[in-house]
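Observations on the model geometry
Spelled out, the chains give:
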Amino acid sequence: MDPRQSQHLKPPPAHYSRSSSQSSSASPSPSPSPTPRAPVTIHPTATIADTAIFHGTHPISIGAGTIVHPRARIYSYEGPVIIGENCIISEKVSIGAPPPSPSSAPSPSSPSDGIPIRISSAVTVGPSASILPGAHIHSAVVVEALACIRRRVSIGAHAKVCAGCEIAEQTVLKEWVVVWGKGEGFGQRRRIRAKGVVSSPTSTAQGLQSLEGRVVEEARLMALKREREALSRLVAPVGGGKRR
Amino acid sequence: MPPKAAKGEYIETDTGNKISRRSHIHGTQHIILGGKTVIQAEAVIRGDLFRSSSSSTSTSSDQNQPAPSAPSVAITVGRYSHISKQAVLRPPSRLHRGVHSFYPLKIGDHVFVGERAVVEAATVGNHVHIGKEAVVGSMAILKDFAVVLDGAVVAPGMVVPSWCVVGGAPARIVGEVGEGYAVEGADGGLARERYRLVGR
């Protein structure tokens with residue numbers, strides 16, 4: 001059985017006080033549980049679902065306005081996890097490497113350093129995507145569902161990793177790059193997103209003025225803001241920290 | 001680890017739904033299961049993302065409305081549908097007139113959703129097969145008898161016609177299902193058999 005599944009069979013970690021209390025440090029009680037709860041710093045305006053899991057030994061910090069959906073798993077065994085402002089982390093996302101096996105303790109080799117995961121602001125991570133240690137994801141990146149970001153990958157700002165794509169280890173993606181496709185046929189492909197004026201046949205047929213790619217991106221970020229506002233009402237149970 | 005899941009892995013409801021105890025179902029009051037539906041372990045179903053157009057009045061209306069009928073439905077699943085392990089069902093959402101809202105996800109009868117698939121479709125018809133690790137984008141529509149191959153990525157808003165096979169990333173129509181597809185007991189028509197075998 002793979003470690004991820006056995007992870008799930010364990011009782012869930014005790015729920016720390018949700019985002020309502022300011023910058024709550026998560027683990028006040030030194031419980032002898034086999035899964036160490038990470039020291040989590042959550043901005044008061046972040047929305048964290050009850051069933052999101054934060055395990056590990058290194059600190060995890062979550063910025064303002066970020067939404068973490070239920071069943072997201074954030075592991076900081078190999079280094080700190082820094083999630084910036086206004087991100088959306090969807091369900092079943094796995095950030096960081098799960099512990100190698102449930103029996104063996106997390107590697108005590110280098111508790112001081114370790115390879116951090118840095119996720120900048122306005123990043124969207126789709127359902128079931130996984131991000132491994134060493135990833136540095138710049139602002140306004142979209143990682144779609146089931147995508148896999150391997151170790152030590154750097155993804156430039158406004159880039160997009162489409163659904164199911166796997167970014168190999170130590171890859172550096174430039175800004176405004178789109179990665180899509182997989183499997184047989186064309187395989188994985190990349191292109192630079194158009195930043196200038198995009199004239200599409202549909203827009204000219206409808207008599208619309210063609211928009212600049214930058215304007216479209218700005219509009220997307222505005223839509224993302226609305227999505228976060230809607231989600232912050234839905235993900236967090238209405239009426240404070242009570243569950244159910 | 002010994003397989004001790006043999007006993008009591010599934011909860012069976014009055015209408016014959018078999019739901020794994022290890023499934024992750026959120027917002028149960030916004031989910032309708034048509035009966036004889038199977039939900040396997042670690043499947044995530046997001047019923048909590050329901051339409052909240054009247055969110056400003058929701059706090060006042062919640063008290064005087066009866067619970068089962070009044071709340072908006074986020075996800076409906078028909079009969080003999082099968083949600084495999086680690087699949088994600090999530091209602092689609094879009095920005096409409098400046099308001100970001102979620103729309104109901106309707107899944108028909110005899111639908112199969114493969115392992116680790118992510119379904120954000122608006123409508124999934126009857127007898128639809130969604131392969132494992134497939135992604136069905138937001139507001140996509142899969143008509144009756146559509147087949148989504150393993151690992152396919154159906155783009156957001158795509159409409160897959162009836163009897164079509166789509167595959168690849170992004171998904172394109174790669175063929176049609178043959179005659180006799182989804183006839184009871186034949187290829188694509190094994191939903192009842194599949195239901196019977198679950199939890200045995």
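Going by what an unreviewed UniProt entry lists, chain B is known as Dynactin subunit 5 and is assigned to Aspergillus nanangensis. For chain B, the Subcellular location (unreviewed entry) comment in UniProt is given as "Cytoplasm, Cytoskeleton". Listed in UniProt under the heading Sequence similarities (unreviewed entry), the comment for chain B reads: "Belongs to the dynactin subunits 5/6 family. Dynactin subunit 5 subfamily."

If you look chain A up in an unreviewed UniProt entry, it shows as Dynactin subunit 6 from Aspergillus nanangensis. The heading Function (unreviewed entry) in the UniProt record of chain A holds the text "Part of the dynactin complex that activates the molecular motor dynein for ultra-processive transport along microtubules." Quoted straight from UniProt, the Sequence similarities (unreviewed entry) entry for chain A says "Belongs to the dynactin subunits 5/6 family. Dynactin subunit 6 subfamily."

A word on the interface of chain B and chain A. The partner chain A presents 27 residues to the 27 residues of chain B that form the contact. Broken down by secondary-structure element, the contributors of at least two residues to the side of chain B that touches chain A are strand S3 (24-26), strand S6 (44-46), helix H1 (55-64), strand S10 (93-96) and strand S11 (99-102) of chain B. When grouped by side-chain class, the residues that make up the side of chain B that touches chain A number 10 nonpolar, 10 polar and seven charged.

Strand order in this open sheet of seven strands is S1-S4-S7-S10-S13-S16-S19 (chain A), and the pairing throughout is parallel. Edge positions in the open sheet fall to strand S1 (40-42) and strand S19 (172-173) of chain A, since each of these has one partner strand only.

Thresholds, definitions, all that
Residues numbered from 1 in each chain as written. Chains lettered and ligands numbered in written order. Predicted model: local features only at pLDDT ≥ 70, side-chain atom pairs only at ≥ 80, totals over all residues. UniProt positions renumbered as here; feature names shortened; annotations may be inferred. Contact = placed C-beta atoms within 7 Å. Helix = DSSP H or I, 4+ residues; strand = E, 2+ residues; numbered from the N terminus. Nonpolar A, V, L, I, M, F, W, Y, C, P; charged D, E, K, R; others polar. Pairing = 2+ DSSP bridges.

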